[in-house]
Amino acid sequence: MSRAISSRKLYLLIACACALLMGYALFAQYVQGYQPCMLCMVQRVFVIGVGVVALLAAIHGPGRLGVRVYGLLCAVLAAGGAYIAGRHVYLQQLPPEQLEGCAPSFEYALDNYDALKFLKTIFIRDQDCGTIDWTFLGLSMPTWVLACFVALIAVSLWAGFRRV
């Protein structure tokens, strides 16, 4: 009798982890009063993407090829989120005089965006992605999110490419 955990259970675990991450993000925003910046919102999109793909994999219960495809999709989405979280951590390490916020420059937005997107960019620009207003064990929220994305990459690849 094999005691190996099934791929479906691993994908369900990934989906639950993503749900918990989003649950805390919403708790931090709506209960604790922390306002997410643009990079935080993009990270949330990647967390939701990984969670949805993992949930689909858990529900679908695919064969060997499908398990690998789902694992790769989850890992790619988590890598995209890790890139954004890493950029966010980088911005938080810059001195304030080198930080211009997380939105594109006014000139770039004026030249390349339509009117609605330009207005949204102006309103987002006042949020500073370099500000650290939340820490746990001395690490900022984007640092923790980066660590979670790295763990999601590892578990996704393990779920998709392990030998059972």
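As shown above, the structure is provided for reference.
Per-chain numbering applies: the sequence of each chain, read as written, is numbered from 1 onward. The predicted nature of this model means local features are confined to residues of pLDDT at least 70 and side-chain atom pairs, given and counted, to a pLDDT of 80 or more, with totals for whole chains, interfaces and linings taken over all residues. To obtain the side-chain values, all non-hydrogen atoms of the structure were included, while hydrogens and water were left out.

**Quick word on the overall build of the protein**
For step 1, the next point in the chain: Under the scheme used here, helices are H or I runs from DSSP no shorter than 4 residues and strands are E runs no shorter than 2 residues, and both carry numbers assigned from the N terminus. Of the regular secondary structure elements, the protein holds six helices and two strands.
For step 2, the next point in the chain: If you list the helices and strands of the protein from N to C, you get α-α-α-α-α-β-β-α.
For step 3, the next point in the chain: Relative to its full complement of 164 residues, the protein shows a buried share of 35%.
For step 4, the next point in the chain: Contacts are assigned to residue pairs that have any heavy atoms within 4.5 Å of one another. At a minimum sequence separation of 6, the contacts of the protein that also span at least 24 residues come to 79%.
For step 5, the next point in the chain: A total accessible area of about 10100 Å² is found for the protein, and carbon and sulfur atoms account for 67% of it. Think of it in three bands: with a 1.4 Å probe and only protein chains considered, a residue is buried below 20% of the maximum accessible area for its type, exposed above 50%, and partly exposed in between. Exposure was quantified through the Shrake-Rupley algorithm and a 1.4 Å probe, taking into account, for residues, occlusion by the shown protein chains and nothing else.

**Concerning the packing of helix α1 (residues 7-30) against helix α2 (residues 38-60)**
For step 1, the next point in the chain: Axis definition: a line fit to C-alpha positions, over the contact stretch in the case of helices; interaxial angles, taken between N-to-C directions, run 0 to 180 degrees. Two elements in contact, α1 and α2, have axes whose closest approach is 8 Å; the angle formed by their N-to-C orientations is 150°. Relative to α2, α1 is oriented roughly antiparallel. Crossing angle aside, the handedness with which α1 passes α2 is left-handed. Every residue of α2 that contacts α1 at R8, Y11, L12, I14, A15, C18, L21, M22, A25, L26 and Q29 is listed here: R44, V47, I48, V50, G51, A54, L55, A57, A58, I59 and H60. Throughout this description, any angle smaller than 35 degrees is read as roughly parallel, any larger than 145 degrees as roughly antiparallel, any in the 65 to 115 degree range as roughly perpendicular, and the remainder as oblique. Should the near helix be turned anticlockwise from the far one by less than a right angle, the crossing is termed left-handed; should it be turned clockwise, right-handed.

**Quick word on a nonpolar patch on the surface**
For step 1, the next point in the chain: A patch consists of residues whose relative accessible area exceeds 30% and which take part in no salt bridge; residues with like charges are grouped when within 9 Å of each other, and nonpolar side chains (Val, Leu, Ile, Met, Phe, Trp, Tyr) when within 5 Å. The rule for a salt bridge is simple: a side-chain nitrogen of Lys or Arg has to be within 4 Å of a carboxyl oxygen of Asp or Glu. Side chains of Y24, L26, F27, Y30 and V31 sit close together on the surface and give an oily, nonpolar patch of about 520 Å² of accessible area.
For step 2, the next point in the chain: For Y30, the location among the structural elements is in helix α1.
For step 3, the next point in the chain: The class for Y30 is exposed, based on a relative accessible area of 63%.

**Focus: the packing of aromatic side chains**
For step 1, the next point in the chain: Each aromatic pair joins two rings of Phe, Tyr and Trp (for Trp, the six-membered one) with centres within 6.5 Å, and gets the label stacked for planes under 30 degrees apart, edge-to-face for over 60, and tilted for any other angle. All chains considered together, the criterion is met by two aromatic pairs.
For step 2, the next point in the chain: Judged by centre distance (5.8 Å) and plane angle (40°), the rings of Y24 and F27 are tilted. Of the two residues, Y24 and F27 both sit in helix α1, three residues apart, roughly one turn of that helix.
For step 3, the next point in the chain: Classification of F27 by relative accessible area gives partly exposed; the value is 37%.
For step 4, the next point in the chain: Placement of a positive charge over a ring is assigned whenever Lys NZ or Arg CZ falls within 6 Å of the ring centre and within 35 degrees of the normal to the ring plane. A cation over an aromatic ring shows up here: R162 above the ring of W158, its NZ or CZ 5.2 Å from the ring centre.

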